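This is what each chain is made of:
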Amino acid sequence: FTLQELTEVFDISGISKSPAVFDINKLRWMNAEYMKKLSPEAFFAKAEPVLKTVITNPAIDLKAVAALVQPRCEILSDLPERVDFIDRLPEYSTELYVHKKSKTTLENSLSSLREILPVLESLEVWTNEGLYEALVALAAKLELRNSVVLWPLRVAVSGKASTPGGATELCTLLGKEESIARVKAGIALLEKSKKIKRPYRSHLPLRSRKGFDAGIL
């Protein structure tokens, strides 16, 4: 059928009302598929006005933000809540650091952030690839799962349980100075937490904890 032929033969009288269901979840899914198929330029044209309502920092590359959210966008009106942390870190609960799948706790999240900070400060080239390589190398050095390093960083820089990208992608967007400032804020927040068991042992392997029990670290 062509569209014209279909229009001519279609008869609404043969449609029953009883099984009709408005499925909002299916509608959102269908819209997400449409969003994914848009070219980056077409998606940015639609998303830019929405992004500008919550991202006012001129240093943030809105095209980079759009590229990050496009694969995960269902409807444009969801975007403000997804990216509002970019302009300003929201207040958040330390419970976000506790993630069963990532094997993170308040204690090992604090230890991870303390280890991450000097790594970030020493990086001269601030790219997603460079950040990922440095942090994966840190996890290997500490004999940890990547997630035990990357999840606390993700929470520290976003203050959210769900984000449009991973830890290194978010750090790339925010820039070095802002990312480091947020990691320091995360460390301070965890250090103040009354839920952290004190004293606690570092999650570092034994050979990396030399002097810990003696009170040197």
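Residues numbered from 1 in each chain as written. Predicted model: local features only at pLDDT ≥ 70, side-chain atom pairs only at ≥ 80, totals over all residues. Heavy atoms only, no water.

Caption draft 1: Summary view of the overall build of the protein. A tally of regular secondary structure across the protein gives 10 helices and zero strands. When its helices and strands are written in sequence order, the protein yields α-α-α-α-α-α-α-α-α-α. Within the protein, the proportion of its 217 residues that are buried is 40%. A fraction of 70% describes how many contacts in the protein between residues 6 or more apart in sequence connect residues 24 or more apart. (Helix = DSSP H or I, 4+ residues; strand = E, 2+ residues; numbered from the N terminus. Buried < 20%, exposed > 50% of the residue type's maximum accessible area, 1.4 Å probe, protein only. Contact = heavy atoms within 4.5 Å.)

Caption draft 2: Region of interest: the packing of aromatic side chains. Per the counting criterion, the structure on display carries one aromatic pair. Here the aromatic rings of Tyr92 and Tyr97 are separated by 5.9 Å at their centres, their planes lie at 55°, and the arrangement is tilted. Its relative accessible area of 0% is what places Tyr97 among the buried residues. (Phe/Tyr/Trp six-rings, centres within 6.5 Å; stacked < 30°, edge-to-face > 60°.)

Caption draft 3: Here's a closer look at a nonpolar patch on the surface. On the surface, Leu3, Leu6 and Val9 cluster together to form a nonpolar patch covering roughly 310 Å² of accessible area. Following the sequence through the fold, Leu3 ends up in helix α1 (residues 3–9). According to the relative accessible area criterion, Leu3 is exposed, its value standing at 69%. (Patch = residues over 30% accessible without salt bridge, like charges linked within 9 Å, V, L, I, M, F, W, Y side chains within 5 Å. Areas by Shrake-Rupley, 256 points an atom, 1.4 Å probe, with all protein chains shown as cover. Salt bridge = Lys/Arg side-chain N within 4 Å of Asp/Glu carboxyl O.)

Caption draft 4: Representation of the confidence of the model for the protein. Looking at the protein as a whole, the pLDDT averages 89, with 88% of positions reaching at least 70. Across residues 206–217, where pLDDT falls below 50, the model places 12 contacts with residues more than four positions away in sequence or in other chains. (pLDDT = per-residue confidence, 0-100.)

Caption draft 5: Just the nonpolar core, in detail. Formed by 55 residues in total, the largest nonpolar core has its most connected members in Val65, Ile86 and Leu153. At the level of elements, α3 (40–51), α4 (62–69), α5 (79–83), α6 (106–122), α7 (128–141), α8 (146–158), α9 (167–174) and α10 (176–192) are the ones that each hand at least two residues to this core. Those residues within four positions of Leu153 in sequence are excluded, and the remaining contacts are Leu113, Ile116, Leu120, Leu135, Ala167, Cys171 and Val183. (Core = buried A, V, L, I, M, F, W, Y, C linked by side-chain atoms within 4.5 Å.)

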